[in-house]
Amino acid sequence: KNPNTVRQAEEIRGTEILQMEVAVNFTKGIQLSSHLHNICSEAREAIYTRQEDVRAWLKKGVDGSMFEILPQSNSLPVLHPCKLCSHDWKPCICSYHLSLEWIPCSLKYCKSRDSSGKTTSYKCGIRSCQKGYSFHFYVPQKQLCLWDEET
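Residues numbered from 1 in each chain as written. Predicted model: local features only at pLDDT ≥ 70, side-chain atom pairs only at ≥ 80, totals over all residues. Heavy atoms only, no water.

Trainee: Is there a simple way to think about the overall build of the chain in this case?
Mentor: Helix and strand content of the chain: two helices and six strands. Radius of gyration (C-alpha) of the chain: 22 Å, far over the 15 Å computed for a compact globule of 151 residues. Reported as C-alpha extents along the three principal axes, the dimensions of the chain are approximately 70 × 40 × 35 Å. Looking at the 151 residues of the chain, the share that counts as buried comes to 25%. (Helix = DSSP H or I, 4+ residues; strand = E, 2+ residues; numbered from the N terminus. Rg over C-alpha atoms; globule rule 2.2 N^0.38 Å. Buried < 20%, exposed > 50% of the residue type's maximum accessible area, 1.4 Å probe, protein only.)

Trainee: What's the story with the packing of aromatic side chains in this structure? I'm lost.
Mentor: Two measures describe an aromatic ring pair: the distance that separates the ring centres and the angle between the ring planes. By the definition in use, this model includes three aromatic pairs. Ring plane angle 25° and centroid distance 4.2 Å describe the contact between Tyr48 and Phe137, whose orientation is recorded as stacked. Residue Tyr48 is located in strand E3 (residues 47-49), and its partner Phe137 is located in strand E6 (residues 119-139); the two are separated by 89 residues in the primary sequence. Overall, the relative accessible area of 9% leaves Phe137 in the buried class. A ring pair is formed by Tyr133 and Phe135, whose centres lie 6.2 Å apart and whose planes are at 20°; its orientation type is stacked. When the ring centre of Tyr133 is taken as origin, the NZ or CZ atom of Lys131, which lies over that ring, is 5.4 Å away. (Phe/Tyr/Trp six-rings, centres within 6.5 Å; stacked < 30°, edge-to-face > 60°. Lys NZ or Arg CZ within 6 Å of the ring centre and 35° of its normal.)

Trainee: Explanation requested: the sheet that holds strand E4 (residues 67-69) in the structure shown.
Mentor: Two modes of strand pairing occur in sheets, parallel and antiparallel, and in both the strands are linked by backbone hydrogen bonds. One open sheet accounts for three strands, arranged E3-E2-E4; its pairing is antiparallel. Two strands bound the open sheet, and with one partner strand each, they are E3 and E4. Geometrically, the sheet is characterised by an average inter-axis angle of 35° between neighbouring strands, direction not taken into account. (Pairing = 2+ DSSP bridges. Axes fitted to C-alpha atoms, helices over the stretch in contact; angles between N-to-C directions.)

Trainee: What am I meant to see in the state of the cysteines here?
Mentor: A covalent bond between the sulfur atoms of two cysteines is what we call a disulfide. Scanning all chains against the criterion turns up four disulfides. Here Cys82 pairs with Cys92 through a disulfide, and the sulfurs are 1.9 Å apart. For the disulfide bridge between Cys82 and Cys92, the dihedral angle about the S-S bond is near 90°, and by the sign convention the bridge is right-handed. A residue pair is termed long-range when its members are at least 10 positions apart, and Cys82 in the loop between E4 and strand E5 (92-113) and Cys92 in strand E5 qualify at 10 residues. (Disulfide = S-S within 2.5 Å.)

Trainee: I keep staring at the environment of Pro140 and nothing clicks. Help me out?
Mentor: Relative to the helices and strands, Pro140 is located in the segment after E6. Not counting chain neighbours up to four residues away, the residues in contact with Pro140 comprise Trp89, Lys90 and Pro91. (Contact = heavy atoms within 4.5 Å.)

Trainee: Would you take a moment to explain the pairing of E5 for this structure?
Mentor: Regular strands have side chains that alternate between both faces of the sheet. Across 19 bridges, E5 lies against E6 in antiparallel orientation. Across the sheet, the residue bridging to Leu98 is Tyr133, located in E6. Hairpin connection, E5 to E6: the antiparallel pair is bridged by five residues, and Gly117 has positive phi, about 95°.

Trainee: Can you walk me through the sheet that holds E6 in this structure?
Mentor: Overall, mixed pairing links the three strands, which are arranged E1-E6-E5 in an open sheet. Each of the sheet's edge strands pairs with one partner strand only, and the pair in question is strand E1 (11-20) and E5. Looking at each pair of strands side by side, their axes are set apart by 15° on average, direction ignored.

Take it as geometry only, folks, not as evidence of what the structure does.
Here is the structure:
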């Protein structure tokens, strides 16, 4: 009703941490979404996803050759977060944080009293939430994760 209103979330749902363990070949990624080339145009060599997403796509018949499993933390020496890594050419764990300040998350129910005084509830709008995501993924050198220094 009021598109210019600054909205405040009624519920804060916290931050979900997502380990991005698989690299996606950018040129073959059109199979996943026709929007990939527009949305990820600046990241032509580094698009990441989770193994559970890959399993779902493979079940739908997507070509598995577009995916490359990244080195896993249990098969590598201890890797530091890129923002703590002192050497620009060493591998590290890069992070990208995203906060959605206001998203619709459920229906809102209000209460009223009927003519006999009995309390009833009815749908009266949409409940709003705040949700955060923290994506973590392996990079072979800190130079591929320079934004992580800003946080």
